[in-house]
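# Survey of secondary and tertiary structure
Residue strings, one per chain:
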Amino acid sequence: MGLTITEKIFSEHAGREVRAGEIVEVPIDMVIGNDITTPISIKAFKDSGAKKLANPDGFSIVLDHFIPAKDIASANQAKISREFAWEHDLKNFFDEKDMGIEHALLPEKGLVVPGDIIIGADSHTCTHGALGAFATGMGSTDLAYAMITGGNWFKVPETIKVIFNGELQPYVTGKDLILEVIRQIGVDGALYQALEFVGTTIDTLDMDSRFSLCNMAIEAGAKSGIVAVDDITREFLKEKNLARPSKEFYSDADANYIQTIEIDVSKLEPVIAYPHLPSNGHSLSQAISDDIKVDQVFIGSCTNGRLSDIETAAKIVKGKKVARHTRMIVTPATQKIMEDASRLGYIKDLVDAGAVVSNPTCGACLGGYMGILADDEVAISTTNRNFVGRMGARSSKIYLSNSAVAAASAIAGKIASPDSI
Amino acid sequence: MAKLEGKVWRFGENIDTDLIIAARYLNTSDPYKLAEHVMEDARPEFASSLSKGDIIVAGANFGSGSSREHAPIALKYAGVSAVVASSFARIFYRNSFNMGLPIFEIDSVDEIDEGSKLSIDMDSGVIKNLDNGKEYKFKPIPEFMQKLVNAGGLINYAKEKLEKEA
């Protein structure tokens, strides 16, 4: 019996062949903390009596959730990470001047590499699986353990193989693929398991869509999502100064999968996840016939704040105006994306149409700041969670979608097809 | 290990970390401040009416969503003595364990009503409903995690490791 890509990555790190179900303690290539989760890790690190990081170059702190500080408490919280970063002369410390949402920023900087084991005290760490790496979210104490020892313990996960075949319809993206998977298997359908994405659709899927796809593996309860390296990945990595040599692993033809799901995407429409679970997916045509008026449109986050998202949105709204009773907020995920979008004229198109373009931050997605919903308001958002109260008031409602549908909805003032704009 | 006893608060399925502690309160990691807002968006009266030692009983996928360790911290410092659910989200499971919040998996959570009194015997692995005498065996903690418990938690385990290497 062969091995899955995930079993191979763990085997390489463990120095012996390991299979799903085994507990292994392995070194970690990149450990990621942010302004919210790292302070608890720093406290545990200090309480342990540790003086030095086990692997300083394999530790990143990205201040992205509530930075630039939204209030005094957030400022004080960020200060804890800043002081720790200076004290340890941390190379991979990302503050305001080169800020970005961690799961967009680290791949951009070449700090996460194919074949890596990556943990982050952020549940969307699974995003990095798009690079053929094993990446998973953990809590702050587990992060501290990795800061102290350079590794951590894992139960090697079983894998669900998800095969996407067929050609995508216009305006259907990686976001729709993962929303469709979650619609089919539910928010705990992949609990403790890895989702491995393969098939002819994946063979031509661009990196931005692959990041969106892996990003929401956690919304099905999965430990990780993964796409093996191919020429599209290699092209993405080509110009980057990689932190480590890339290691490519591929599942064996006779690898063991706990489940296989096949999805023919050729007839798949954009998927809209209705309140209050990401698994509550409906087709765009259904949403259009439900006539859903929106107060706010949000485009951004670690799911859909990349250059192609900004480009898509800008092209749809160019020369038009955001509907009178609707607000549109666009948050490019990193400073580089902001710069590229600006150079390419996308920011101007968005602002001309009436959108507000913000600094990179996780803020709006988790109801932190920069776009909080009022009582009973309705939003369509390119983010990853539509839980009760996620983006603001407990009575607000969130519909999740891709960037094209969100942009079209801003112009229409209700959930709309990009074709109708 | 001791016995836990407390009154039950019932919650449904997919109680996510935003319901346990909303992100608007994550500008601090002060456990007592977090505890003031625990479960606020699920049941606004929860934090103020909770008695120390109370037990949460919930459906599947408790703790889904974010990796915030603030969630088990808020529950623990609010006085919740244990969470019993039919299943837990992966990161929450590990975090609770690291934070010392006892959590237990049983299948028949639907038989346990709001307000009933439970007793949890951590040694024998039995949860007893003191109102009707019904007993439930909870699923054992994975062996490796038991090793961490014996070491006094993950950070103590790290300390031991550092000392061995020194």
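The model shown is predicted, which means the values in this text are computed figures rather than measured ones.

## What to know about the packing of aromatic side chains
- The tally for this structure, following the rule as stated, stands at 20 aromatic pairs over all chains.
- When the ring of F59(A) is compared with that of F84(A), the centres are 6.5 Å apart and the planes differ by 85°; the resulting orientation is edge-to-face. You can see F59(A) sitting in strand β3 (residues 59-62) and its partner F84(A) sitting in helix α3 (residues 72-87), a full 25 residues away along the chain.
- Through a chain of ring-to-ring contacts, the aromatic side chains of Y145(A), W153(A), F144(B) and Y157(B) assemble into a single cluster.
- A cation over an aromatic ring shows up here: R43(B) above the ring of F11(B), its NZ or CZ 5.5 Å from the ring centre.
- Here the basic side chain of R94(B) rests over the ring of W153(A), its NZ or CZ set 3.9 Å away from the ring centre.

## So, the packing of helix α2 (residues 38-47) of chain A against helix α5 (residues 140-149) of chain A
All names here are of chain A.
- Running from N to C, α2 and α5 cross one another at 50°; their axes reach a closest spacing of 8 Å. Our classification of the angle between α2 and α5 gives oblique. With respect to the hand of their crossing, α2 and α5 are arranged in right-handed fashion. For the pair formed by α2 and α5, the contact residues are I40, S41, A44 and F45 on the first element and S140, L143, A144, M147 and I148 on the second.
- By residue class, the composition of the contact of α2 with α5 is 7 nonpolar, 2 polar and no charged.

## Some remarks on the sheet that holds strand β3 (residues 82-85) of chain B
Residue and element names in this part refer to chain B.
- Strand order across the open sheet formed by 7 strands is β4-β3-β2-β1-β5-β6-β7, with mixed pairing between neighbours. Looking at the sheet topology across the chains shown, the edges are occupied by β4 (103-105) and β7 (135-137). Strand-to-strand twist of the sheet, defined as the mean angle between neighbouring strand axes without regard to direction, takes the value 25°.
- Pairing between strand β1 (residues 3-10) and strand β5 (residues 117-121): 5 bridges, direction antiparallel. Its bridge partner lying in β5, L4 is registered against I120.

## Points about the nonpolar core
- F154(A), M328(A), I415(A), M39(B), I56(B), F62(B) and L75(B) are the most contacted members of the largest nonpolar core, which has 122 residues in total.
- When residues of this core are assigned to domains, at least three fall in each of domain 1 (5-14 + 25-244 + 255-263) and domain 2 (271-420) of chain A.
- Contacts of I415(A), omitting those with residues within four sequence positions, involve I272(A), L284(A), A287(A), I288(A), I292(A), V294(A), I380(A), Y399(A), V405(A) and S409(A).
- Formed by 56 residues, the second largest nonpolar core is a distinct cluster that contains A130(A), I182(A), L213(A) and A220(A).

## Here's the deal with the pairing of strand β15 (residues 327-330) of chain A
- Sheet topology places strand β14 (residues 296-299) of chain A next to β15(A); 4 bridges connect them, and they run parallel. Residue pairing across strands places V297(A) opposite M328(A), the latter belonging to β15(A).

## Notes on unusual backbone geometry
Residues and elements named next belong to chain A.
- Here the amide bond leading from I67 into P68 is cis, since omega sits at -5°, within 30 degrees of zero.
- In this structure, P68 sits in the loop between β3 and α3.
- Non-glycine residue D291 carries a positive phi angle of around 50°.
- Positionally, D291 belongs in the loop between α10 (284-289) and β14.
- A positive phi angle, close to 65°, is found at D376, a residue other than glycine.
- Summarising the element assignment, D376 is placed in the loop between β16 (356-357) and β17 (378-381).

## Some remarks on the domain arrangement of chain A
Residues and elements named next belong to chain A.
- On domain assignment, one finds that chain A holds domain 1 (5-14 + 25-244 + 255-263) and domain 2 (271-420).
- Where domain 1 touches domain 2, the interface holds 1 salt bridge.
- Put simply, E219 and R385 hold a salt bridge, and the shortest N to O gap is 2.9 Å.
- The set of elements that each furnish at least two residues to the side of domain 1 that touches domain 2 consists of α4 (102-109), α6 (174-185) and α8 (207-215).
- With 6 residues, the single largest contributor to the side of domain 1 that touches domain 2 is α6.
- When the residues that make up the side of domain 1 that touches domain 2 are grouped by side-chain class, the tally is 15 nonpolar, 10 polar and 12 charged.

## Points about the side chain of N304(A)
Residues and elements named next belong to chain A.
- Secondary-structure assignment places N304 in helix α11 (residues 301-304).
- We classify N304 as buried; its relative accessible area is 3%.
- For N304, the contacting residues outside a window of four places in its chain are K175, S212, I299, D309, T382, S401 and S403.

## Topic: the interface of chain A and chain B
- Each partner contributes to the interface: chain A provides 49 residues, whereas chain B provides 44 residues.
- Of the roughly 3,700 Å² buried between chain A and chain B on both sides combined, carbon and sulfur atoms contribute 59%.
- Summed over the shared surface of chain A and chain B, the result is 3 salt bridges.
- Across the pair R94(B) and D142(A) runs a salt bridge, and its minimum N-O distance is 2.9 Å.

## Concerning the state of the cysteines
- Summed over the entire model, instances satisfying the criterion amount to 0 disulfides over all chains.
- The thiol of C302(A) is not disulfide-bonded; the next cysteine sulfur, from C365(A), is found 6.2 Å away.

## Points about the environment of G100(A)
Residue and element names in this part refer to chain A.
- Here G100 is to be found in the loop between β4 (93-94) and α4.
- When the C-alpha positions of G100 and A333 are compared, they lie 5.5 Å apart, and in sequence the two are 233 residues distant.
- Residues contacting G100, with those up to four places away along its chain left out, are V62, D64, L105, A333, T334 and P360.

Conventions we followed
- Think of each chain on its own: its residues are numbered from 1, step by step along the sequence as written.
- By the order in which they are written, chains take letters starting at A while ligands take numbers starting at 1.
- Reporting of local features is limited, given that this is a predicted model, to residues whose pLDDT is at least 70; pairs of side-chain atoms are given and counted only at 80 or more, and all residues count toward the totals for whole chains, interfaces and linings.
- Side-chain measures here rest on the full set of heavy atoms in the structure, leaving out hydrogens and waters.
- Working definition: rings of Phe, Tyr and Trp (its six-membered ring) pair if their centres are within 6.5 Å, and the pair is stacked with planes under 30 degrees apart, edge-to-face with planes over 60 apart, and tilted otherwise.
- Counting from the N terminus, the helices are the DSSP runs of H or I reaching at least four residues and the strands are the DSSP runs of E reaching at least two.
- Both a distance and an angle decide whether a charge sits over a ring: NZ of Lys or CZ of Arg must be within 6 Å of the ring centre and within 35 degrees of the ring normal.
- Lines fitted to the C-alpha atoms define the axes, with helices restricted to the stretch that makes contact. Angles between their N-to-C directions range from 0 to 180 degrees.
- These descriptions rest on fixed angle ranges, namely under 35 degrees for roughly parallel, over 145 for roughly antiparallel, 65 to 115 for roughly perpendicular, and the rest for oblique.
- Left-handed is the label given to a crossing in which the near helix is rotated counterclockwise from the far helix by less than a right angle, and right-handed is the label when the rotation is clockwise.
- The contact criterion used throughout is that any non-hydrogen atoms of two residues lie within 4.5 Å.
- Amino acid classes used here: Ala, Val, Leu, Ile, Met, Phe, Trp, Tyr, Cys and Pro are nonpolar; Asp, Glu, Lys and Arg are charged; the rest, including Gly, are polar.
- DSSP bridges decide pairing: two strands pair if at least two such bridges lie between them.
- To form a nonpolar core, buried Ala, Val, Leu, Ile, Met, Phe, Trp, Tyr and Cys residues must be joined to one another through side-chain atoms within 4.5 Å.
- Think of it in three bands: with a 1.4 Å probe and only protein chains considered, a residue is buried below 20% of the maximum accessible area for its type, exposed above 50%, and partly exposed in between.
- Throughout, the edges of the domains are those of an automatic or database domain assignment.
- A carboxyl oxygen of Asp or Glu within 4 Å of a side-chain nitrogen of Lys or Arg is what we treat as a salt bridge.
- A 1.4 Å probe defines the accessible area here, and the buried area is the portion of it lost by two parts on being joined, summed over both.
- Our working definition of a disulfide is a cysteine sulfur pair at a distance within 2.5 Å.

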